Amino acid sequence: MKNRAMLIGSIGAGKSTLTNALLGREVKAVKTQSLLYFDWIVDTPGEYSENPFFYKNIMATALEVTHVLYLQDSTKKKMIFPHGFSTGINKLPIGVVTKSDSDKADIELAVSLLKKVMVNRGPIVITSSLKNEGIEEIKMLVGMNTIQEMKEYIDNHPSPYIFFE
Ligand SMILES: Nc1nc2c(ncn2[C@@H]2O[C@H](COP(=O)(O)OP(=O)(O)O)[C@@H](O)[C@H]2O)c(=O)[nH]1
Ligand SMILES: [Mg+2]
């Protein structure tokens with residue numbers, strides 16, 4: 001399988017804006033009503049993540065990808081995924097903190113919420129789609145094929161936007 005990433009996270013978390021940043025697209029994100037496939041990215045509606053009724057759609061779509069990006073909006077205090085959610089999806093996880101540029105961003109809180117979802121297994125990237133920060137790091141990680149490879153990369157390439165938990 002060609003490496004591909006599915007983005008999941010709440011409505012307004014920044015999935016579609018991040019998709020554009022990752023693909024270098026200039027178009028403005030419109031509200032996502034269905035699964036959208038772009039080259040190596042699958043953008044999902046926030047409802048899939050907010051309503052457990054749709055978790056089966058997340059599971060089914062995960063079969064088509066190599067990586068799942070768990071987005072946490074740094075301007076929000078609430079995590080929508082249950083504890084350990086990533087361990088139930090057998091794909092390489094990447095935690096993504098979004099909107100780090102915002103005045104309202106609480107990056108530390110967002111990271112701690114993601115750690116609970118990922119139960120301390122996998123990389124976490126601090127991003128701003130507006131400032132294009134953390135974007136190259138995500139592309140690099142999605143090109144990798146094992147957790148170990150991602151960990152070694154991070155250990156060998158210190159960056160303020162990325163760390164391994
Ligand atoms: N400050 C800031 N706002 C962002 C960023 N990414 C997305 N947003 C804003 O967050 C809102 C929701 O973004 P969107 O990509 O549609 O979220 P989605 O529902 O998860 O697809 C929009 O108003 C975006 O402009 C970012 O990196 N920084
Ligand atoms: Mg969207």
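To be clear, the structure that these remarks concern was listed above.
It should be emphasised that the depicted structure is a prediction, and the values quoted were computed from it without experimental measurement.

A. Structural view of helix α5 (residues 135-142). Residues Ile135, Glu137, Ile138, Leu141 and Val142 constitute the buried set of α5. Buried residues in α5, looked at end-on, bunch into an arc of 160°, giving them a common side.

B. Structural context of the packing of helix α1 (residues 15-23) against α5. Axis separation between α1 and α5 bottoms out at 9 Å; the angle between their running directions is 80°. Taken together, the axes of α1 and α5 are roughly perpendicular relative to one another. Contact residues: α1 offers Leu18, Ala21 and Leu22, while α5 offers Ile135, Ile138 and Lys139. Across the contact of α1 with α5, the residue classes tally to five nonpolar, no polar and one charged.

C. Local environment of the nonpolar core. Among the nonpolar cores identified, the biggest contains 25 residues, and Leu18, Leu69, Ile94, Ile138 and Leu141 are the most heavily contacted of them. Taken together, the elements giving at least two residues each to this core come down to β1 (5-8), α1, β4 (67-73), β5 (92-98), α5, α6 (147-156) and β7 (162-164). Apart from residues no more than four positions distant in its own chain, Ile94 is found in contact with His67, Val68, Leu69, Tyr70, Met118, Pro123, Val125, Leu141, Val142 and Met150. Formed by 23 residues, the second largest nonpolar core is a distinct cluster that contains Ala62, Phe85, Ile89 and Val111.

D. Expanded view of the site of ligand 1. Taken together, 13 residues form the shell around ligand 1, and within it Gly12, Lys15, Thr17, Asp101 and Ser129 come nearest. Interatomic distance of 2.5 Å between a side-chain N/O atom of Thr17 and an oxygen atom of ligand 1. Residue Lys99 places a side-chain N or O atom 3.1 Å away from an oxygen atom belonging to ligand 1. Against a free-state accessible area of 580 Å², the protein chains account for coverage of 72% of ligand 1. In terms of residue class, the shell around ligand 1 is made up of three nonpolar, seven polar and three charged.

E. Spatial organisation of the pairing of strand β6 (residues 123-126). Neither face of β6 is left uncovered, since the one carrying Pro123 and Val125 and the one carrying Ile124 and Ile126 both have all their residues buried. Alignment of β5 against β6, held across three bridges, turns out to be parallel. Of the residues in β6, the one forming a bridge with Val97 is Ile126. In the classification by handedness, the crossover that spans β5, the intervening helix α4 (residues 107-118) and the parallel β6 is right-handed. Where β6 meets β7, three bridges bridge the pair, whose relative direction is antiparallel. By the bridge assignment, Ile124 is partnered in β7 with Phe163.

Reading the values: rules and limits
- Residues numbered from 1 in each chain as written.
- Chains lettered and ligands numbered in written order.
- Predicted model: local features only at pLDDT ≥ 70, side-chain atom pairs only at ≥ 80, totals over all residues.
- Heavy atoms only, no water.
- Buried < 20%, exposed > 50% of the residue type's maximum accessible area, 1.4 Å probe, protein only.
- Helix = DSSP H or I, 4+ residues; strand = E, 2+ residues; numbered from the N terminus.
- Arc of directions from axis to C-beta.
- Axes fitted to C-alpha atoms, helices over the stretch in contact; angles between N-to-C directions.
- Parallel < 35°, antiparallel > 145°, perpendicular 65-115°, else oblique.
- Contact = heavy atoms within 4.5 Å.
- Nonpolar A, V, L, I, M, F, W, Y, C, P; charged D, E, K, R; others polar.
- Core = buried A, V, L, I, M, F, W, Y, C linked by side-chain atoms within 4.5 Å.
- Near = heavy atom within 4 Å.
- Polar contact = N/O pair within 3.5 Å; in protein donor to acceptor, adjacent residues only side chain to side chain.
- Areas by Shrake-Rupley, 256 points an atom, 1.4 Å probe, with all protein chains shown as cover.
- Pairing = 2+ DSSP bridges.
- Right-handed = clockwise from strand over helix to strand, strands pointing away.

Keep in mind that these numbers describe shape and distance, not what the molecule does.
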